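Listed below are the residues making up each chain.
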Amino acid sequence: QVQLVESGGGLVQAGGSLRLSCAASGRTFSSYAMGWFRQAPGKEREFVAAISWSGGITSYADSVKGRFTISRDNTKNTVYLQMNSLKPEDTAVYYCAAATVLPSEPLPNWSLKYDSWGQGTQVTVSS
């Protein structure tokens, strides 16, 4: 497993931007697919975005497509989530997670596929 620590959350007005970072420990970071999930109060954790080990393949939830961008820097063991045009409904705790994905498998968008999780970072978007 890999240890993950998120940062970059905060309070922002609607229409604003934030960039979340997730720093990973361990020498095998580049072998993992990485994902971002979020959980709002009273709601289930939901998929936001995922990126392949190389960064060449990405996947997004429909609700964030065109507004959020996931990226990674394997030299820094870090995955990012650039969030633009934020809406109040984006308010949630955001978690990064790591998954082992075979080359023949698609990027997973279900949480059970991910076996390492960060502690989460709060994002609050005011209207």
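As the structure is a prediction and not an experimental result, all values here were calculated from the model. (Residues numbered from 1 in each chain as written. Predicted model: local features only at pLDDT ≥ 70, side-chain atom pairs only at ≥ 80, totals over all residues. Heavy atoms only, no water.)

Could you clarify how one ought to interpret the pattern of salt bridges in this entry?
A side chain of one charge can pair with a side chain of the opposite charge if their charged atoms are brought near each other. All told, the structure shown has five salt bridges when counted by the stated rule. Arginine 38 is paired through a salt bridge with glutamate 46; the nearest N and O atoms lie 2.6 Å apart. The class of glutamate 46 is partly exposed, set by a relative accessible area of 36%. Between glutamate 105 and lysine 113 there is a salt bridge, and its shortest N-O distance comes to 3.5 Å. Since its relative accessible area comes to 24%, lysine 113 is described here as partly exposed. Each of Arg38, Glu46, Arg67 and Asp90 takes part in one network of salt bridges that share partners. (Salt bridge = Lys/Arg side-chain N within 4 Å of Asp/Glu carboxyl O. Buried < 20%, exposed > 50% of the residue type's maximum accessible area, 1.4 Å probe, protein only.)

Honestly, the sheet that holds strand 3 (residues 18-25) in this entry has me stumped. Any pointers?
Paired through their backbone hydrogen bonds, the strands of a sheet run either parallel or antiparallel. Overall, antiparallel pairing links the four strands, which are arranged 1-3-8-7 in an open sheet. Across the chains shown, the open sheet's two edge strands, defined by having one partner strand only, are strand 1 (3-7) and strand 7 (68-73). Each adjacent strand pair in this sheet contributes to an overall mean axis angle of 15°, direction not counted. Here strand 3 runs beside strand 8 (residues 78-83); their pairing, made up of six bridges, is antiparallel. When the bridges of strand 8 are listed, alanine 23 appears paired with threonine 78. (Pairing = 2+ DSSP bridges. Helix = DSSP H or I, 4+ residues; strand = E, 2+ residues; numbered from the N terminus. Axes fitted to C-alpha atoms, helices over the stretch in contact; angles between N-to-C directions.)

I keep staring at unusual backbone geometry and nothing clicks. Help me out?
Excluding glycine, most residues fall at negative phi; most peptide bonds, likewise, are trans. One non-glycine residue, asparagine 77, lies in the positive phi region at around 50°. For asparagine 77, the location among the structural elements is in the loop between strand 7 and strand 8. A relative accessible area of 19% means that asparagine 77 is categorised as buried.

Is there a simple way to explain the nonpolar core in this structure?
Nonpolar side chains tend toward joint burial in soluble globular proteins. Met34, Trp36, Leu81, Met83 and Tyr94 are the most contacted members of the largest nonpolar core, which totals 39 residues. Listed by contribution, the elements that provide at least two residues to this core are strand 3, strand 4 (33-39), strand 5 (46-51), strand 7, strand 8, strand 9 (92-99) and strand 11 (121-126). Top contributing element to this core by residue count: strand 9, with six residues. For methionine 83, the contacting residues outside a window of four places in its chain are Gly16, Ser17, Leu18, Leu20, Arg67, Phe68, Tyr94 and Val123. (Core = buried A, V, L, I, M, F, W, Y, C linked by side-chain atoms within 4.5 Å. Contact = heavy atoms within 4.5 Å.)

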